[in-house]
Amino acid sequence: MTRRLLLSYLSLAALVLLCLEIPLGFVYSRGEREQVVNAAKDEAESVSAYAALSLAAGRAEQDLPARVAHCAQRIGGKVVIVGASGAPLATSHPMDPSVSGALADRPGIAAALRGTSTVDVRTSTIGGVEYLSVAAPVGHEAQPVGAVWLTVPTRTVHERVHHVWLLLALGGLAVLTAVAVVGFAFARWAGRPIRELEQATHELGEGGGRFTPVTITKGPPEVRSLAAAFNRTAARFAHLLASQRAFAGEASHQLKTPLAALRLRLENLEPDVAARARGSLTAAVTETDRLARMVEHLLAMARLEEHAAIPATVDLGAVCAERHRTWQPLFAREDVSLVLFAGSVGPVLAVPGAVEQIMDNLLSNALRASPPGSTVTVELRMPAPPRRALRDSRPRWVDLHVTDEGPGMTEEQRARAFDRFWRAPGAPKGGSGLGLALVQRLAHASGGEATLHAAATGGLDVVIRLPSVRPPAEGPGPGTDRPRGGRRREVPALPA
């Protein structure tokens, strides 16, 4: 912010200086040019009048050389007087015969012999005079008896104009320096409360609700008002976060213990319950388990919303292999095959612990939905990227597929499956309706996406897409290949 404010101040000051100094410099240059031209014209007219008197008195040879030399010495230039034929009558400097013979052909002298005074001025880009010559007729303009030609040195005028431009540039630089110093001090004063707000915001986001109130006595009134509003909002946010954290901690302890005790009591009642009431007892135990899982999911979602973790590098293949080994006995007990195709897809970005929770929820849902004798498949794929430039051809995503052979879902059911507490009609008992919602939240927190598709086997294909961090030089691993014949070839699971 300080840099932007300072740049805006300097830009405005530079624009004002350019609008003032450039016209001033050109006005001064034009004034200097007009002054030296007028002085040269006056000098030429004076010499012309003197020459006319000398020629009329017949004393040209005696008076004109001294007059020409004196005038040339005074102006520091050259003076030439020619007769009506163009022959030189007096010169302030020696001339070659070829040069003196061609004087009548010069445009200025030729115009003066015809009775017209001329001025030849050549200027530089910034208005300085680089060359100045003046020609004036001698005698009556209708019938001139000669001409006077003066060339005036312009080095002094040129240097003076350059000096003025240099002074203007140095003055503008001094003004810009002063504006920079004052503007920097003002920008720091105006931006200091903003920087304090930024630091307090980072502390609030990274400190788990802990923050230091910012001072509201510095900076412009608008910034002080913003600081006061931030302090109020941050205090409310910290209070709400502390309340949610306390609720999660208390609920975790206060709900789990009664549910565990309730389940134990229901199990202890089993020997004393009549056969016709065993179904109700089993349903009560099932609902108790469902309530326990619902509490676990609610607390997990509360912790996820409380801690906005930063995604880190995770070895997806190793995590899938570890969860495969953990869930394999449970699937075997239900006579459901759990198959893993975990090739070398490389690491992905995910919130720490998110992949494990995603796998547990998806495998739990797949196990409840799969009939005995069916197969649940876990497969890692690296989809081919769209056609891009060669230097940007690496895959950007890794897909985790969990496919079952259960009843599946309709398109409308898949659209609502990620809603909290929603359960498909006819779904197996024991579900909480929060598993897929938690999976989607974890995928979004990791920078990915969770989608549901109809599987080719008639069940459900859950796809978790996570961002890949594979180096550009690497390509899809060999574990994603398929054997001939259309059947998958199981790749050895990666070590945990």
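Placed above this text is the structure.
Just so it is clear, the model here is predicted, and its values are computed rather than measured.

## Points about the overall build of the protein
Each helix and strand in the protein was counted, giving 11 helices and 12 strands. Among the 496 residues that make up the protein, the fraction classed as buried is 39%.

## Some thoughts on the sheet that holds strand β9 (residues 375-381)
An order of β7-β9-β10-β12-β11 is seen for the 5 strands of this open sheet, with the pairing classed as mixed. Only two strands of the sheet have a single partner each, and these edge strands are β7 (337-341) and β11 (449-454). Neighbouring strand axes in the sheet, compared pairwise and without regard to direction, differ in orientation by 15° on average. Here β9 runs beside strand β10 (residues 397-403); their pairing, made up of 5 bridges, is antiparallel. Residue pairing across strands places E379 opposite H401, the latter belonging to β10.

## Focus on the packing of aromatic side chains
Tallying each qualifying case throughout the model produces 3 aromatic pairs. Aromatic side chains F26 and W165 sit 5.3 Å apart centroid to centroid with 80° between the ring planes, which places their arrangement in the edge-to-face category. With a gap of 139 residues between them, F26 in helix α1 (residues 2-57) and W165 in helix α5 (residues 155-206) connect regions that are remote in the sequence. The exposure class assigned to F26 is partly exposed, which follows from its relative accessible area of 41%. By relative accessible area, W165 is classed as buried at 18%.

## Examining the pairing of strand β2 (residues 88-91)
Relative to β2, strand β1 (residues 78-83) is paired through 3 bridges, and the arrangement is antiparallel. Its bridge partner lying in β2, V80 is registered against T91. What sits between the antiparallel neighbours β1 and β2 is a turn of 4 residues, in which G86 has the positive phi angle 95°.

## Description of the side chain of S364
Note that S364 resides in helix α9 (residues 354-369). Here R368 takes part through its side chain, which lies 2.9 Å from a polar atom of the side chain of S364.

## Focus: α9
Between its first and last C-alpha, α9 extends 23 Å over 16 residues, near the 22 Å set by a 1.5 Å rise per residue. By the burial criterion, the buried members of α9 are A354, V355, I358, M359, N361, L362, L363, S364, A366 and L367.

## Structural notes on the nonpolar core
With 44 residues, the main nonpolar core has L363 and I464 as its most contacted residues. No other element matches the 8 residues that α9 contributes to this core. Those residues in contact with L363 that sit more than four places away from it in its chain are R323, W327, F331, L338, V376, V378 and V402. Counting residues in each nonpolar core, the second largest holds 26 residues, with A51, V68, A90 and V164 among its members.

## Brief notes about a nonpolar patch on the surface
Where nonpolar side chains cluster on the molecular surface, the patch consists of L166, L167, L170 and L173 and spans about 390 Å² of accessible area. Mapped onto the fold, L167 is located in helix α5. Among the residues examined, L167 registers a relative accessible area of 47% and is labelled partly exposed.

## Quick notes on α1
Compared with an ideal rise of 1.5 Å per residue, which puts 56 residues at 82 Å, α1 spans 82 Å between its outermost C-alpha atoms and is within 8% of the ideal. One or two residues past the end of α1 sits G58, with phi positive at roughly 75°.

## Observations regarding the pairing of β7
Each regular strand carries side chains that alternate between the two faces of the sheet. Counting buried positions along β7 yields 4 of 5 residues, so the element is predominantly enclosed. Pairing of β7 with β9, which is carried by 5 bridges, proceeds in the parallel orientation. Bridge pairing in β9 links F341 to E379.

Conventions we followed
- Residues numbered from 1 in each chain as written.
- Predicted model: local features only at pLDDT ≥ 70, side-chain atom pairs only at ≥ 80, totals over all residues.
- Heavy atoms only, no water.
- Helix = DSSP H or I, 4+ residues; strand = E, 2+ residues; numbered from the N terminus.
- Buried < 20%, exposed > 50% of the residue type's maximum accessible area, 1.4 Å probe, protein only.
- Pairing = 2+ DSSP bridges.
- Axes fitted to C-alpha atoms, helices over the stretch in contact; angles between N-to-C directions.
- Phe/Tyr/Trp six-rings, centres within 6.5 Å; stacked < 30°, edge-to-face > 60°.
- Polar contact = N/O pair within 3.5 Å; in protein donor to acceptor, adjacent residues only side chain to side chain.
- Expected span 1.5 Å × (residues − 1).
- Core = buried A, V, L, I, M, F, W, Y, C linked by side-chain atoms within 4.5 Å.
- Contact = heavy atoms within 4.5 Å.
- Patch = residues over 30% accessible without salt bridge, like charges linked within 9 Å, V, L, I, M, F, W, Y side chains within 5 Å.
- Areas by Shrake-Rupley, 256 points an atom, 1.4 Å probe, with all protein chains shown as cover.
- Salt bridge = Lys/Arg side-chain N within 4 Å of Asp/Glu carboxyl O.

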